[in-house]
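# Tertiary structure, described
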2 protein chains.
Amino acid sequence: MTLLMIADLEHLRVVLVRARNPLNIGAAARAMSNFGVSRLRVVNPYEVAFREARSAVGAAELLAKAEQYKSVAEAVADCALVVGTTAVGGRDLQQPLRRMEVGARTIRRQLASAPVAILFGSERVGLSRNDLSHCHWLMRIPTREEHRSMNLAQAVAICLYELVRPGKFADGKPAAAHATAADMEHLTQLLFQALGASGYVRPRSGPATEEKVRRILRRLNLNARDAEVWLGMLRQIAWKLGSDAS
Amino acid sequence: MTLLMIADLEHLRVVLVRARNPLNIGAAARAMSNFGVSRLRVVNPYEVAFREARSAVGAAELLAKAEQYKSVAEAVADCALVVGTTAVGGRDLQQPLRRMEVGARTIRRQLASAPVAILFGSERVGLSRNDLSHCHWLMRIPTREEHRSMNLAQAVAICLYELVRPGKFADGKPAAAHATAADMEHLTQLLFQALGASGYVRPRSGPATEEKVRRILRRLNLNARDAEVWLGMLRQIAWKLGSDAS
């Protein structure tokens, strides 16, 4: 697996071609910021849209630094790899189409040494044949055939997610220590006791019920901290049932 | 290998909790349609937003069929697995946090046999502690620490992408059916009742204890059969404690 370094993302250019909706440009910029990608390029944006997007919240700095180009050729001139995105299926395409995961892997490798551009087309018609002709190959997000066309900013978000996905790990806490067998047995006895006092355990089935209780408690796979909470709860319940009975 | 069949997606419920922006609700619906997910549920949406979203283009039918609920408990009652999404890191969370890929794999397995809910919180503050207490575990999209919070619809899009990404193939054996959220909530109420009657719950800390009980029960990841056994045990204990008190 190729890991992506933060510095590598400096090599990535997100190129929006003829985007029309300021909300989409702003939302795409926010997604870039979420995933640590800062180089936004726009080709012939609908002028008003671009001005409005620049005042969008959340990614103001990124938008302020966005570079504007008159043609795709100029926007990708410094890039060693140019990848197009498309909603269209394989048959009508002139360029090779790669699965997202496969394409992202190649992009990650390339980013380590040289600039890479990912192109996104306009909301209504996507990238033109001419735009696509600048691309080495294409990627398609696996939407269903009956409703292929995605929202522009969502498409950007998914592509960037796929790109950074393998490198970043959710920062969960380390797995907690399992409860000890002693604690689990203590729990078993307390629960069995509470069940006895409440009339759940029939006299003849005592041993079978105790085993059942032991098994069902072990299946919980409690960690040490939760086991302590359960011990506290069951201790109180068993005590109360005992004191009421006496 | 377990296939993720189209039919399995019928089991998925996307639950938006207190969404405020009609554009976000509409965009989330569109992303669902892109990935073939049709069951949208909203909990206490900002009323105007929901009405406006319903007139959004692209996913009108899906939005027209969206179900509206007054509480998270009702919205997830028929679900065997309830997964929360969060922008927050691991330290402050009460629930286990799973990496997206790992979480998605578990969800795919569960979808083969039972309904699953994925919860998304409001644009501004995400899911509340109380909302999260209904969740078995959480997933976080790996955004960077300095700008974690994603656009709502983009978060929906990425989660659904991750879910359908492996194509029709998911791995692992079919999981035993999870207990439904309704059963888990019933268990929560019985245990809370028993704890109240036994003096475990201090008067002032009632709501906090109820949430704690809800969380610790969700962490057990009970299957449907074990949940039934626990319901029988706790029903008896709660009844006994109640009858002794009266």
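Our subject in this report is the structure included herewith. Each chain has its residues counted from 1, following the order in which its sequence is written. Both sets of labels track the order of writing: A upward for chains, 1 upward for ligands. Residues qualify for local features only when their pLDDT is at least 70, as the model is predicted, and side-chain atom pairs are given and counted only at 80 or more; totals for whole chains, interfaces and linings, by contrast, use all residues. Values shown for side chains rest on all heavy atoms present in the structure; no hydrogens or waters enter the calculation.

## Description of the overall build of chain A
Secondary structure elements are defined from DSSP: runs of H or I of at least 4 residues count as helices, runs of E of at least 2 residues count as strands, and each element is numbered from the N terminus. Counting secondary structure elements, chain A contains eleven helices and seven strands. Exposure is judged per residue with a 1.4 Å probe applied to protein chains only, and the accessible area is read against the type maximum: over 50% gives exposed, under 20% gives buried, and values in between give partly exposed. Classification of the 246 residues of chain A by burial places 50% in the buried group. Two residues qualify as a contact provided that any one of their heavy atoms is within 4.5 Å of a heavy atom in the partner residue. A fraction of 83% describes how many contacts in chain A between residues 6 or more apart in sequence connect residues 24 or more apart. Throughout, the Shrake-Rupley method with a 1.4 Å probe supplies accessible areas, and for residues the shown protein chains are the sole cover considered. When the accessible surface of chain A is split by element, carbon and sulfur atoms take 52% of a total near 11900 Å².

## Quick notes on the environment of B:Ala227
All names here are of chain B. Counting through the fold element by element, Ala227 comes out in helix α11 (residues 224-245). Classification of Ala227 by relative accessible area gives buried; the value is 0%. Considering only alpha carbons, one finds Ala227 and Leu217, ten residues apart in sequence, at a separation of 10 Å. Apart from residues lying up to four places away in sequence, Ala227 is in contact with Ala179, Leu187 and Leu222.

## What about the sheet that holds strand β5 (residues 97-98) of chain A?
Residues and elements named next belong to chain A. If DSSP finds at least two bridges between two strands, the strands pair. Spatial ordering of the open sheet is given by β3-β2-β1-β6-β4-β7-β5, a layout of seven strands whose pairing is parallel. The open sheet terminates on both sides in strands that have one partner only, identified here as β3 (67-69) and β5. Of the strands in this sheet, β1 (12-17), β4 (81-85), β6 (116-120) and β7 (137-139) are in contact with helix α8 (residues 152-164), which crosses β1 at around 160°. Axis angles are defined between N-to-C directions and span 0 to 180 degrees, where every axis is a line fitted to C-alpha atoms and, for a helix, only to the segment in contact.

## Quick word on the packing of aromatic side chains
Residue and element names in this part refer to chain A. Each Phe, Tyr or Trp ring, with Trp reduced to its six-membered ring, pairs with another whose centre is within 6.5 Å; inter-plane angles below 30 degrees give stacked pairs, above 60 give edge-to-face pairs, and intermediate values give tilted ones. A complete count under the given rule lists four aromatic pairs over all chains for this structure. Plain terms: the ring middles of Phe35 and Tyr161 are 6.4 Å apart, the flat faces sit at 55° to each other, and that makes the pair tilted. Of this pair, Phe35 sits in the loop between α2 (22-34) and β2 (39-43) while Tyr161 sits in helix α8, and the two are 126 residues apart along the sequence. The pair Phe35 / Tyr161 is uniform in exposure class, with both members buried.

## Quick notes on the environment of A:Asn44
All names here are of chain A. Tracing the backbone through its elements, the reader meets Asn44 in the loop between β2 and α3 (47-54). Between the C-alpha atom of Asn44 and that of Ala153, which follows or precedes it by 109 residues, the distance is 17 Å. Beyond its immediate chain neighbours, meaning those up to four positions away, Asn44 contacts Arg18, Tyr69 and Lys70. Between N or O atoms, a polar contact is any pair within 3.5 Å; within protein, one atom must be a potential hydrogen donor and the other a potential acceptor, and residues adjacent in sequence are included only when both atoms are from side chains. A distance of 3.1 Å separates a polar side-chain atom of Asn44 from the backbone oxygen of Lys70.

## A closer look at helix α2 (residues 22-34) of chain B
Residues and elements named next belong to chain B. By this rule the span expected of a helix is its residue count minus one, scaled by 1.5 Å. Between its first and last C-alpha atoms α2 spans 18 Å; for 13 residues at 1.5 Å apiece the expected length is 18 Å, and the two agree. The element α2 is largely enclosed, with a buried count of eleven among its 13 residues. All buried positions along α2 are accounted for by Pro22, Asn24, Ile25, Gly26, Ala27, Ala28, Ala29, Ala31, Met32, Ser33 and Asn34. N-cap assignment for α2: the residue whose side-chain oxygen lies 2.8 Å from the backbone N of Leu23 is Asn21. Positioned one or two residues after α2, Gly36 has a phi angle of 75°, which is positive.

## Comments concerning the side chain of B:Arg215
Residue and element names in this part refer to chain B. Counting through the fold element by element, Arg215 comes out in helix α10 (residues 206-218). Judged by its relative accessible area of 8%, Arg215 falls in the buried class. Other than its neighbours up to four places away in sequence, Arg215 contacts Gln94, Gln95, Arg129 and Ser133.

## Considering the sheet that holds strand β3 (residues 39-43) of chain B
All names here are of chain B. With respect to topology, seven strands assemble into an open sheet ordered β4-β3-β2-β7-β5-β8-β6, the strand pairing being parallel. The sheet is open, and its two edges are formed by β4 (67-69) and β6 (97-98), each paired on a single side. By the bridge criterion, three bridges tie strand β5 (residues 81-85) to strand β8 (residues 137-139) in an arrangement that is parallel. For Thr85, the partnering residue across the bridge sits in β8 and is Met139.

## Considerations on the interface of chain B and chain A
Tallying the contact residues gives 61 residues for chain B and 61 residues for chain A. Of the roughly 5200 Å² buried at the junction of chain B and chain A (both faces included), carbon and sulfur atoms supply 61%. Every case where a carboxyl oxygen of Asp or Glu lies within 4 Å of a side-chain nitrogen of Lys or Arg is listed as a salt bridge. Joining chain B to chain A, the criterion identifies three salt bridges. Among the ionic pairs, B:Arg219 bridges to A:Asp226, the shortest N-O distance being 2.7 Å. Summed over the shared surface of chain B and chain A, the number is 23 residue pairs in polar contact (both at pLDDT 80 or more). Contributing elements (two or more residues each) for the side of chain B that touches chain A: α2, β6, α6 (100-111), α8 (152-164), α9 (181-198), α10 and α11 of chain B. The biggest single contributor to the side of chain B that touches chain A is α11(B), with eleven residues. A 1.4 Å probe defines the accessible area here, and the buried area is the portion of it lost by two parts on being joined, summed over both.

## Observations regarding helix α6 (residues 100-111) of chain A
The end-to-end C-alpha distance of α6(A), which contains twelve residues, comes to 16 Å, matching closely the 16 Å that a straight helix rising 1.5 Å per residue would cover. Buried within α6(A) we find A:Met100, A:Glu101, A:Gly103, A:Ala104, A:Thr106, A:Ile107, A:Arg108 and A:Leu111.

## Regarding the nonpolar core
Nonpolar cores are built from buried Ala, Val, Leu, Ile, Met, Phe, Trp, Tyr and Cys residues. Side-chain atoms within 4.5 Å join them into one set. Core analysis: the biggest nonpolar cluster contains 91 residues, and A:Leu16, A:Leu40, A:Ile107, B:Leu16 and B:Ile107 have the highest contact counts within it. Ignoring any residue separated from it by four or fewer positions in sequence, one finds B:Ile107 in contact with B:Leu81, B:Val83, B:Val116, B:Ile118, B:Trp137, B:Met139 and B:Leu163. Membership of the second largest hydrophobic core comes to 44 residues, among which are A:Ala179, A:Ile216, B:Phe192 and B:Val201.

## Regarding unusual backbone geometry
Here A:Arg18, not a glycine, exhibits a phi torsion of approximately 55°, which is positive. Residue placement: A:Arg18 occurs in the loop between β1 and α2. One non-glycine residue, B:Asn221, lies in the positive phi region at around 50°. Of note, B:Asn221 is situated in the loop between α10 and α11.

## With respect to the packing of α9(B) against α10(B)
All names here are of chain B. Contact geometry of α9 with α10 gives a least axis separation of 9 Å together with a crossing angle of 135°. Overall, the two elements α9 and α10 adopt an arrangement that is oblique. Where α9 crosses over α10, the handedness of that crossing is right-handed. The residues of α10 that touch α9, namely those facing Ala181, Met184, Glu185, Leu187, Thr188, Gln189, Leu191, Phe192 and Leu195, are Gly206, Thr209, Glu210, Val213, Arg214, Leu217 and Arg218. Under the scheme applied here, ten amino acids are nonpolar (Ala, Val, Leu, Ile, Met, Phe, Trp, Tyr, Cys and Pro), four are charged (Asp, Glu, Lys and Arg), and all others, including Gly, are polar. Here the residues of the contact of α9 with α10 are counted per class, giving eight nonpolar, four polar and four charged. For classification purposes, an angle smaller than 35 degrees is called roughly parallel, one larger than 145 roughly antiparallel, one from 65 to 115 roughly perpendicular, and anything else oblique. Helix crossings are classified by the rotation of the near helix relative to the far one: an anticlockwise turn of less than a right angle makes the crossing left-handed, while a clockwise turn makes it right-handed.

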